[in-house]
Amino acid sequence: MSATEVHTDDGGTHTVPEVSAETELSKDKIFHLLQTPRRRHVLRYLKERDGTVEMRNLAEQVAAWENDTTVQALTSDERQRVYIPLYQSHLPKLDEEGIIDYDQSRGTVKRTKLADQLDRYLTVEAEEADREEVGREPPWEFYYLGVSVFSTIVLAGAVLGIPVLTTLPSVAIGGVIIAMFSFVTLAQFMSGWTAREE
């Protein structure tokens, strides 16, 4: 394996072994590289784009994913909290391992062939996230709260003599309230039953 001299920010140099596309990364190395969500986001971003990307664009998208928002809605603090660690730590680490080509002075990043070895792990994580999104239970307490609020309004309206509600028999109002609670309870039960069968 050949080596390359890399210039550091303080004017010095250090030698980094060159990594070819044929180099097989150990599982320990792969897991170490992918241990932080931020590096996984970087690799996901680069996988979706061809060629060289601007580090600023990369950092903004990673910040948006981390804050569960859009790039346009990011605050400057949210951008900075991601940009600085990427600039100082995560991108240099991936560059040092040969996963990306990171030109710190130009602010550009490019994925290398070696990154292909990490793709299957990123794909598994993306599939698990999709399954979690699909399998996530609805917030049942909000449904129950909604039915309770609606029931309270209807009952209060009937007691206070609101014209539309006074024309309905008390049995009909009670039946509607019981039916709504029964429907929400049945829906929650069926949702849990389906999730257990999967």
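This text goes with the structure placed above it.
About the thresholds
Residues numbered from 1 in each chain as written. Predicted model: local features only at pLDDT ≥ 70, side-chain atom pairs only at ≥ 80, totals over all residues. Heavy atoms only, no water. Phe/Tyr/Trp six-rings, centres within 6.5 Å; stacked < 30°, edge-to-face > 60°. Helix = DSSP H or I, 4+ residues; strand = E, 2+ residues; numbered from the N terminus. Buried < 20%, exposed > 50% of the residue type's maximum accessible area, 1.4 Å probe, protein only. Lys NZ or Arg CZ within 6 Å of the ring centre and 35° of its normal. Salt bridge = Lys/Arg side-chain N within 4 Å of Asp/Glu carboxyl O. Pairing = 2+ DSSP bridges. Contact = heavy atoms within 4.5 Å. Axes fitted to C-alpha atoms, helices over the stretch in contact; angles between N-to-C directions. Expected span 1.5 Å × (residues − 1). Arc of directions from axis to C-beta.

Trainee: I'm lost on the packing of aromatic side chains in this one. Help?
Mentor: Here a ring pair, both rings aromatic, is described through the centre-centre distance and the interplanar angle of the planes. Within this structure, the stated rule accounts for two aromatic pairs. Ring plane angle 70 degrees and centroid distance 6.5 Å describe the contact between Tyr-45 and Trp-65, whose orientation is recorded as edge-to-face. Taken together, the residues Tyr-45 in helix α2 (residues 37-47) and Trp-65 in helix α3 (residues 55-66) connect sequence positions 20 residues apart. By relative accessible area, Trp-65 is classed as partly exposed at 22%. Sitting over the face of the ring of Trp-65, Arg-44 holds its NZ or CZ atom 3.8 Å from the ring centroid. It is Arg-49 that lies over the ring of Tyr-45; its NZ or CZ is 3.8 Å from the centre.

Trainee: Before we go on, may I ask you to explain the pattern of salt bridges in this structure?
Mentor: Pairs can form between side chains of opposite charge once their charged atoms are near each other. Counted by the stated rule, this structure contains ten salt bridges. Note that Glu-48 is salt-bridged to Arg-44, the shortest N-O span being 3.9 Å. Of the charged contacts in the structure, one is a salt bridge between Asp-116 and Arg-111, with a shortest N-O distance of 2.7 Å. Sharing partners across several salt bridges, the network here consists of Arg-111, Lys-113, Asp-116 and Asp-119.

Trainee: Please clarify how the sheet that holds strand β4 (residues 100-103) should be interpreted in this entry.
Mentor: Two strands in a sheet stick together by hydrogen bonds in their backbones, pointing the same way (parallel) or opposite ways (antiparallel). Overall, antiparallel pairing links the three strands, which are arranged β3-β5-β4 in an open sheet. One side of each edge strand has no neighbouring strand; the edge strands of this open sheet are β3 (53-54) and β4. By the bridge criterion, four bridges tie β4 to strand β5 (residues 108-111) in an arrangement that is antiparallel. Bridging from a neighbouring strand, Tyr-102 pairs with Val-109 of β5. α2 contacts β3, β4 and β5 of the sheet and is inclined by roughly 75 degrees relative to β5.

Trainee: Help me understand helix α6 (residues 140-160) in this model?
Mentor: Along an α-helix, residues three or four apart share an orientation, since each turn contains 3.6 residues. The first and last C-alpha atoms of α6 sit 30 Å apart over 21 residues, in line with the 30 Å expected at 1.5 Å per residue. Among all positions of α6, only Trp-140, Val-147, Ser-151, Val-154 and Gly-157 are buried. All buried residues of α6 lie within an arc of 130 degrees about the axis, which places them on one face of the element. In α6, the exposed positions angled more than 90 degrees off the buried face are occupied by Glu-141, Phe-142, Thr-152, Ile-153, Val-159 and Leu-160. Backbone geometry just downstream of α6 places Gly-161 in the positive-phi region, at approximately 85 degrees.

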